[in-house]
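Examining the three-dimensional arrangement
The lines below spell out each chain.
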Amino acid sequence: MGLLDILLGRTKPAAPDLDRLFALPSAAVTLEAATGFTPTGRGAVCFATVEGAAFEQTHREVRALMDADTEREGPPVELREDDYGYSWLVSRRSPDQLPALVNDLHAVNASMEVNGFGPQLLCSLAGFHDPEGPRLALVYLYKRGTFYPLCVRPGRRRRDNALELQVAAAVEDDLPVEKDLSRWFPLWDAPGMVD
């Protein structure tokens, strides 16, 4: 960043730091104590699909790595495409295996990054639920290196903004929370948050 950037108030965006994902288990403890939300054991990584043999090879490697986990219960890792053409690699674990889920999310992101597909990474999320019905995801924005909460009330496309702000305040000591609220994107029907 140069002197002109400083004078004009421009800032350099935060660099991605995949190790920030490892703070999710401690944030989950804080989240449960503050709001009652508990992990669902589901998470996903979203990325823009690229055509080509190298990208397909990276997909196969990531899926083979995650499917080789003998401790995984339930269905294997699943690749889905959303209505907007983005790809989601969905991982399922038991709710008490949040650290293993975080390892899955980190492995997918790191593998994509190492193979030169970092620019295609968009976000990762870990799902949480509340007995009263709302669904919550803590979403990691790859290009910003920050998290934001996404809370969806039962019913189609209804967010609970007040609860999102409450969750952000609860976990801000554990996770770098995205300060620009316009970047708290509504990931409607995101795999990993909704099954």
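Scanning the protein for helices and strands turns up 5 helices and 6 strands. What you see in the protein, going N to C, is helices and strands ordered as α-α-β-α-β-β-α-β-β-β-α. Of all 195 residues assigned to the protein, the portion counted as buried reaches 45%. Contacts in the protein between residues at least 24 apart in sequence constitute 65% of all its contacts with a sequence separation of at least 6. Just so you have it, the protein exposes about 9800 Å², and 55% of that area is on carbon and sulfur atoms.

Per-residue confidence for the protein averages 85 on the pLDDT scale, and 86% of its residues sit at or above 70. By mean pLDDT, helix 1 (residues 3-7) is the weakest element of the protein at 56, and helix 2 (residues 24-35) is the strongest at 96.

This next bit is on the layout of surface pockets. The calculated volume of the largest pocket comes to roughly 490 Å³. As for the largest pocket, its lining consists of 23 residues, and the residues nearest its centre are C46, Y86, W88, F185 and L187. Contributing elements (two or more residues each) for the lining of the largest pocket: strand 3 (86-92) and strand 4 (121-129). The element best represented in the lining of the largest pocket is strand 4, accounting for 3 residues. Within the lining of the largest pocket, the residues separate by chemical class into 16 nonpolar, no polar and 7 charged.

Quick notes on the rules
Residues numbered from 1 in each chain as written. Predicted model: local features only at pLDDT ≥ 70, side-chain atom pairs only at ≥ 80, totals over all residues. Heavy atoms only, no water. Helix = DSSP H or I, 4+ residues; strand = E, 2+ residues; numbered from the N terminus. Buried < 20%, exposed > 50% of the residue type's maximum accessible area, 1.4 Å probe, protein only. Contact = heavy atoms within 4.5 Å. Areas by Shrake-Rupley, 256 points an atom, 1.4 Å probe, with all protein chains shown as cover. pLDDT = per-residue confidence, 0-100. 1 Å grid on protein atoms, 1.4 Å probe; cavity = no way out; pocket = protein on both sides within 12 Å on 5 of 7 lines; lining within 4 Å. Points joined across faces, edges and corners; volume = space filled by probe spheres on them. Nonpolar A, V, L, I, M, F, W, Y, C, P; charged D, E, K, R; others polar.

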